[in-house]
Structure formats: structure tokens, C-alpha cells
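Descriptive structure summary
Spelled out from the first residue to the last, the chains are:
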Amino acid sequence: QADLAMYQAKASGRNSICFFNPGMQVEMDARVVLESDLHKSWERNEFVLHYQPQGDGQRVIGAEALVRWQHPRRGLLSPSEFIPHAEETGLILPLGTWVLETACAQLAAWARDPAMAWLNLAVNVSPRQFCQPDFVEQVLCILDHAGVNPQKLKLELTESLLLNNMDDTITKIAALKARGVGFALDDFGTGYSSLYYLKCLPLDWVKIDQFFVRDVLTNPNDATIVRAIILLARSMGLEVIAEGVETEAQKLFLAQHGCNAYQGYLLSPPLSSGQFQEFMQQRGGG
Ligand code: C2E
Ligand code: MG
Ligand code: MG
Ligand code: MG
């Protein structure tokens, strides 16, 4: 351990002192365990999709598919706990495909139910998944196989998509848009090139991140930023939806400034497929 500490201290450079502490070992062990668990989870089909309703005024317009991992010992894990590892190990590719397939199968099931036939579904796409050369063909093939109208699928991209692949990104979005698939820029404003993306990408929707929505009523800066995002999106002919809306007051503020579409605990937390169906039934299909 002492040698290791010395090695780490040297490796980190001549002007810095860094001791390798036992906490770091624990962290590394936890990561190795998680990554080996992740691999098994894939074989054991431990992933599930939950669906968070999206509203527009009084109407439910669709949902966002959010993946969870039903861990045998640790219970239901949120994506922030495993998506980064899935990205690193490459598991995100089969997982991302599974998410798309499951989401499209769900869309097909809703389309057969008159109480849910109009619903759209938004699916998060990770950068590594989007960068695959055959991403467009994959999405079209999955839609086709499920027999789903492409106009009901909305893909959510985050700002971490590689900047140097801008031409490739635009080509892929355009190809899928030509078939009817919609695109949303997720977590808008939290990345470092938001406006650049807005300028270059042929998007349909901008999602205001919950980071700005949370304190919109108490923090004047947040209020200004939210108003500016709505104005910007609408001036560019884009639709805008707010995430993380938890109170009527937040919803009202957003609506007063031109953003009627929202998603958050106020309407509903993410639900299992069965719970989502009950939720729609209770609302009388609207
Ligand atoms: P996101 O796309 O920004 O999703 C919104 C997150 O906010 C979700 O967390 C949702 O449960 C949470 N949320 C919803 N309403 C509220 C609210 O009123 N208040 C608060 N405080 N939070 C709310 P979740 O499900 O843990 O997902 C976290 C992130 O993981 C997502 O952020 C998305 O970036 C990523 N993710 C989820 N599913 C997938 C997937 O299938 N593929 C990929 N690549 N990423 C995914
Ligand atoms: Mg999202
Ligand atoms: Mg988001
Ligand atoms: Mg977010």
C-alpha cells in the first residue's frame, strides 16, 4: 500500500502530492463489481423501461421512456448509476437497441388501444449509440418491424454529442426526419455549446432542463433564462417542453411565458407500463 501511495504521488506530477487512500480502492472495487454485474444483468434481462407522462395544458400528449435496472440485490437503479458505465464498456450499444425496440413495441401496443392511440414516445439516445454508422438504418428497421408510425417517435439528444461530428449528426437527423421521426435537444442550456447546436441542428423540440425550472419562481436569473429559452425556441419555430415541473405555480409561470408542454412529478413520476395504462384510464383517455 505504501509503495502504491508513492507511485500514485509520483505519477500525479512533481508539483502535486496525492496519496492513494483506501477510499479510492473501495471505489475501484465497487466499479469492478458494478461492471461485472452489468454484464450479467444483460444476460438476465434485468432492464425495464418506465414511462413518464408528458402534458400540454390539460392533455397528455405522450411520454418519455426512462430505463431502469432491476438489480438483484440493490433494487431498482436509476440510469445515472449505470449509464456512464454502460457507455464506457460499450454495453450501451445493445442496451440502447433494446430500449428502442421496447419503446417501439410499447408504441405499437398503445396504437391498438383507442384510449392511448395518439400518444407519442420520447427515447433518450446516448452519444455513442448515435455515432454508430448504421444508427439511421437501425432506427428505421426497428420502427418498421414494430409497425409504428415514425411520427410518434421522438429522439432526445444531449449536448454531449461530438462537435467534430457535426456534419454526420446533421445528416443522420435529416435522414430520420425525412421519415417523420422527431428530435428534441435534451437538458437544454446545461451543456457548453447549446446555441451552436440550436443553430446547426434541424431539431423539433427544445427541452428546458429541470435545473432551470426548479427555482424559476424564487430565482430571478432562472426566471430570465427560462423566459429567454422559450422566446428563443419559439422564434426559431421550435416547440418547447419543460422538465422537472413539480408545482402548479411552476406550470403556470411556464404557460404564461408561452410554454404549455411539461413533464414532472406534478403530472406524474415515471410509471411502469401497467401503471401508465392505469394512469391513462383514470384520466378517461385524455
Ligand atoms: P433526462 O432525460 O433529463 O430525464 C429526466 C430525469 O428527471 C429522469 O430521471 C426523471 O425521472 C427525472 N424527473 C422527472 N420528473 C421530475 C421532477 O418533477 N423532479 C425531479 N427532481 N426529477 C424529475 P432518471 O429517470 O433518473 O433519468 C436520468 C437520466 O438518464 C435522463 O435524464 C437521461 O439522460 C438518462 N437516461 C434515461 N433513460 C435512458 C435511456 O434509455 N438511454 C440513455 N442513453 N439515457 C437514458
Ligand atoms: Mg430525456
Ligand atoms: Mg432532460
Ligand atoms: Mg435532465
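Let me sum up the structure you'll find in this document. (Residues numbered from 1 in each chain as written. Chains lettered and ligands numbered in written order. Predicted model: local features only at pLDDT ≥ 70, side-chain atom pairs only at ≥ 80, totals over all residues. Heavy atoms only, no water.)

**Some remarks on the site of ligand 1**
Close contacts around ligand 1 come from 22 residues, with Q52, R68, D186, E246 and Y265 the closest. With respect to ligand 1, the backbone of V67 contributes an N or O atom lying 3.2 Å from a nitrogen atom. A distance of 3.3 Å is found between an oxygen atom of ligand 1 and a side-chain nitrogen or oxygen belonging to E243. Within the complex, the protein chains bury 82% of what would otherwise be the 800 Å² of accessible surface of ligand 1. Elements supplying a minimum of two residues to the shell around ligand 1: β2 (59-71), α3 (79-89) and β6 (182-188). Looking at the shell around ligand 1, the element that brings in the most residues is β2, giving four residues. Residue classes in the shell around ligand 1 are distributed as eight nonpolar, seven polar and seven charged. (Near = heavy atom within 4 Å. Polar contact = N/O pair within 3.5 Å; in protein donor to acceptor, adjacent residues only side chain to side chain. Areas by Shrake-Rupley, 256 points an atom, 1.4 Å probe, with all protein chains shown as cover. Helix = DSSP H or I, 4+ residues; strand = E, 2+ residues; numbered from the N terminus. Nonpolar A, V, L, I, M, F, W, Y, C, P; charged D, E, K, R; others polar.)

**Quick look at the coordination of the magnesium ion (ligand 2)**
In an ideal octahedron of six donors the angles at the metal are 90 or 180 degrees, and in an ideal tetrahedron of four donors they are 109.5 degrees. Coordination sphere of the magnesium ion (ligand 2), protein contribution only: E64 (OE), N124 (OD1), E156 (OE) and D186 (OD), at 2.0 to 2.2 Å. The sequence pattern describing where the donors of the magnesium ion (ligand 2) fall on their chain is E-x59-N-x31-E-x29-D. For the pair the magnesium ion (ligand 2) and the magnesium ion (ligand 3), the metal-to-metal distance amounts to 3.7 Å, and D186 bridges them. Of the two residues, N124 sits in strand β4 (residues 120-124) while E156 sits in strand β5 (residues 153-157), which places them 32 residues apart along the sequence. Residue class for N124 comes out partly exposed when judged on its relative accessible area of 29%. (Donors = N, O, S within 2.8 Å, 3.2 Å for Na, K, Ca; no water. Buried < 20%, exposed > 50% of the residue type's maximum accessible area, 1.4 Å probe, protein only.)

**Details of the side chain of K152**
Assignment of secondary structure puts K152 in the loop between α6 (135-146) and β5. D113 is the oppositely charged side chain nearest to the buried, salt-bridge-free K152, at an N-O distance of 11 Å. Ignoring sequence-local partners within four residues, the contact set of K152 consists of L107, A111, A117, L119, N120 and L121. (Lys, Arg positive; Asp, Glu negative; His and termini not counted. Salt bridge = Lys/Arg side-chain N within 4 Å of Asp/Glu carboxyl O. Contact = heavy atoms within 4.5 Å.)

**Describing the packing of α6 against helix α7 (residues 166-178)**
Axes are the key here: two packed helices are described by the angle between their axes and the distance separating the axes. Viewed as axis vectors pointing N to C, α6 and α7 meet at an angle of 20°, and their least axial separation amounts to 10 Å. Put simply, α6 runs roughly parallel to α7. Like other packed secondary-structure pairs, α6 and α7 cross with a definite hand, here right-handed. Facing F135, V136, V139 and L140 of α6, the residues of α7 in contact are K172, A175 and L176. Partitioning the contact of α6 with α7 into residue classes produces six nonpolar, no polar and one charged. (Axes fitted to C-alpha atoms, helices over the stretch in contact; angles between N-to-C directions. Parallel < 35°, antiparallel > 145°, perpendicular 65-115°, else oblique. Left-handed = near helix turned anticlockwise from the far one by under 90°.)

**Topic: helix α11 (residues 248-256)**
Within α11, the full set of buried residues consists of Q250, K251, F253 and L254. Projected down its long axis, α11 carries its buried residues within an arc of 160°, all on one side. Opposite its buried face, α11 presents the exposed residues E248, L252 and Q256, each directed more than 90 degrees away. Where α11 is buried, its residues touch β7 (205-208), α9 (210-213), α10 (220-235), β8 (239-242) and β9 (261-262). Phi for G258, located one or two positions after α11, is positive at around 100°. (Arc of directions from axis to C-beta.)

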